[in-house]
Amino acid sequence: MNIITSPEDMQKTALALRRAGKRIGLVPTMGFLHEGHLSLIKLARRQANVVVLSIFVNPTQFGPNEDFSRYPRDFERDAALCKAAGVDIIFNPVPEAMYPAGYSVHVEENALSKGLCGASRPGHFRGVLTVVAKLFNLTLPDVAVFGQKDAQQARLIQQMARDLNFPVTIVLAPIIREADGLAKSSRNTYLSPAERREALCLQQALKTARRLYREGERDGQQIITAMKSGIEQIHSARVDYIAIVDRDKLQRVQRIEAPILVALAVQIGKTHLIDNLTLPEDGLSNLPE
Ligand code: PAF
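Note that the coordinates shown come from a computational prediction; the quantities given were computed from them, not determined experimentally. (Residues numbered from 1 in each chain as written. Predicted model: local features only at pLDDT ≥ 70, side-chain atom pairs only at ≥ 80, totals over all residues. Heavy atoms only, no water.)

Q: Would you explain helix α2 (residues 35-47) in this entry?
A: The α-helix winds at 3.6 residues per turn, so residues separated by three or four positions along the chain end up facing the same way. Along its 13 residues, α2 runs 19 Å from first to last C-alpha, staying within 8% of the 18 Å computed at 1.5 Å per residue. Three or more residues of α2 are buried, namely Gly36, His37, Ser39, Leu40, Ile41, Leu43 and Ala44. (Helix = DSSP H or I, 4+ residues; strand = E, 2+ residues; numbered from the N terminus. Expected span 1.5 Å × (residues − 1). Buried < 20%, exposed > 50% of the residue type's maximum accessible area, 1.4 Å probe, protein only.)

Next up, the structure:
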């Protein structure tokens with residue numbers, strides 16, 4: 001396994017691999033890897049000869065009051081996990097190399113990024129799309145794998161690849177959950193034992209949505225109200241949003257007719273958690289019964 005820190009070296013290596021006819025699979029991450037990331041690596045390995053995993057805690061996607069400086073980092077552990085999972089190259093640049101002095105170009109999306117997490121985290125998706133565009137240009141992937149847990153991010157990256165003509169196939173990987181159903185996230189490490197128990201309210205709300213949908217409820221607001229009232233019972237929980245949107249444009253729907261995404265973000269203590277459910281279910285959300 002090769003570890004590359006310089007963007008120039010990464011691009012040279014990727015160009016040489018492409019010229020040699022290799023298919024490159026990219027798994028972009030911010031490190032502190034868990035089983036969710038390992039599932040992305042597995043998917044990339046199936047579709048590529050060379051797997052590049054980037055580890056970069058991207059400063060431009062964190063707001064001024066967010067957790068950039070305390071975001072968990074452990075490069076040695078990540079590198080060992082990557083090696084065991086069969087990653088070929090770790091790309092681990094420093095912020096100054098990705099955003100040198102005078103850096104001034106950003107990628108902005110003006111429709112899908114406005115609601116859900118985009119509404120409460122202004123600038124977040126501008127930072128995500130900018131860094132992902134740079135990672136695409138530096139690693140030249142044939143395929144790039146993103147997790148469904150960040151459903152809005154994944155949808156935005158598909159849109160960016162289409163609108164900016166990146167020659168890359170975007171592959172979505174199902175949500176990986178803990179044994180009790182909590183969606184895996186590097187941020188779960190922030191939770192105290194009591195908060196960890198209370199964090200189950202996200203998937204309980206999604207189960208409520210699924211039960212009502214299965215019983216034939218098609219009024220979006222009825223479902224949202226039932227989800228909200230469950231979360232309001234939980235001491236440390238504060239709802240950021242609960243939304244029912246169409247899968248393509250991520251626009252809120254009143255009456256559920258086409259495939260939808262039920263998405264929610266909840267603050268548990270100081271930790272911002274998200275989860276989602278696709279209906280009809282297609283395996284991407286992996287919500288337990
Ligand atoms: O999902 C993440 O970990 C990040 O948003 C990504 C895609 C690596 C961009 O920094």
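Q: Would you explain the environment of Met227 in this entry?
A: Mapped onto the secondary structure, Met227 falls in helix α10 (residues 220-231). You can call Met227 buried: its relative accessible area is 1%. With 37 residues separating them along the chain, Met227 and Leu264 place their C-alpha atoms 9.6 Å apart. Not counting residues up to four positions away in its chain, the partners in contact with Met227 are Ala205, Leu206, Thr208, Ala209, Ile242, Val262 and Leu264. (Contact = heavy atoms within 4.5 Å.)

Q: Even after reading the chapter, I still don't get the pairing of strand β3 (residues 50-55), so can you show me in this structure?
A: Consecutive side chains along a regular strand alternate between the two faces of the sheet. Burial analysis of β3 places six of its six residues in the buried class, the great majority of the element. Side chains Val50, Val52 and Ser54 of β3 all project onto a buried face; the interleaved residues Val51, Leu53 and Ile55 project onto the opposite face, where all are buried too. In this structure, strand β2 (residues 24-29) lies alongside β3, joined through six bridges in parallel fashion. Each residue of the ladder has a partner; that of Ile24, found in β3, is Val50. Following the backbone out of β2, through α2 and into the adjacent parallel β3, one traces a crossover that is right-handed. When β3 meets strand β4 (residues 89-91), the two strands line up parallel, connected through three bridges. Counted as the bridge partner of Ser54 is Phe91 from β4. As a crossover connection, the stretch from β3 through helix α3 (residues 75-85) into β4 is right-handed. (Pairing = 2+ DSSP bridges. Right-handed = clockwise from strand over helix to strand, strands pointing away.)

Q: Looking at this model, I keep getting lost on the site of the ligand. Mind explaining?
A: The environment of the ligand is formed by Pro28, Thr29, Met30, Asn58, Gln61, Val131, Asp150 and Gln153. At 2.6 Å, a side-chain N or O of Gln61 approaches an oxygen atom of the ligand. Between the ligand and Gln153 there is a distance of 2.7 Å, counted from an oxygen atom to a side-chain nitrogen or oxygen. Taking 290 Å² as the accessible area of the ligand by itself, protein coverage stands at 88%. Of the residues assigned to the shell around the ligand, the class counts are three nonpolar, four polar and one charged. (Near = heavy atom within 4 Å. Polar contact = N/O pair within 3.5 Å; in protein donor to acceptor, adjacent residues only side chain to side chain. Areas by Shrake-Rupley, 256 points an atom, 1.4 Å probe, with all protein chains shown as cover. Nonpolar A, V, L, I, M, F, W, Y, C, P; charged D, E, K, R; others polar.)

Q: Just checking my understanding: could you explain the environment of Leu250 for this structure?
A: With respect to the helices, strands and loops of the structure, Leu250 is situated in the loop between β7 (237-246) and β8 (260-268). Expressed as a C-alpha distance, the spacing of Leu250 and Ala111, which sit 139 residues apart in the sequence, is 8.7 Å. Apart from the residues lying within four places of it in its own chain, the contact partners of Leu250 are Leu112, Gln152, Arg155, Val245 and Leu261.

Q: I tried to follow the sheet that holds strand β9 (residues 271-279) on my own but got confused; where do I start?
A: Neighbouring strands of a sheet are bound in pairs by backbone hydrogen bonds; such pairs are parallel or else antiparallel. Here three strands make up an open sheet; going across it, the order is β7-β8-β9 and the pairing antiparallel. The sheet is open, and its two borders are formed by β7 and β9, each paired with just one other strand. Pairs of neighbouring strands in the sheet enclose a mean axial angle of 15 degrees, with direction left out of account. Two elements, β8 and β9, share nine bridges in a ladder whose sense is antiparallel. Bridge pairing in β9 places Leu264 opposite Asp275. (Axes fitted to C-alpha atoms, helices over the stretch in contact; angles between N-to-C directions.)

Q: Help me out: how do you make sense of the pairing of β8 in this one?
A: Across the nine residues that make up β8, a large majority, nine, are buried. Side chains of β8 alternate between two faces, with Ile260, Val262, Leu264, Val266 and Ile268 and Leu261, Ala263, Ala265 and Gln267 buried alike. With nine bridges joining them, β7 and β8 adopt antiparallel strand pairing. Bridging from a neighbouring strand, Tyr241 pairs with Ala265 of β8. What sits between the antiparallel neighbours β8 and β9 is a turn of two residues, in which Gly269 has the positive phi angle 60 degrees.

Q: Is there a simple way to think about the layout of surface pockets in this case?
A: The method is simple in principle: a probe with the dimensions of a water molecule rolls over the atoms, and the space it marks as empty is what remains. The volume enclosed by the largest pocket comes to roughly 310 Å³. Around the largest pocket, the lining is made up of 14 residues, and of these Asn65, Glu66, Gln267, Lys270 and His272 lie nearest the centre. Taken together, the elements giving at least two residues each to the lining of the largest pocket come down to β7 and β9. Split into classes, the residues belonging to the lining of the largest pocket amount to one nonpolar, five polar and eight charged. (1 Å grid on protein atoms, 1.4 Å probe; cavity = no way out; pocket = protein on both sides within 12 Å on 5 of 7 lines; lining within 4 Å. Points joined across faces, edges and corners; volume = space filled by probe spheres on them.)

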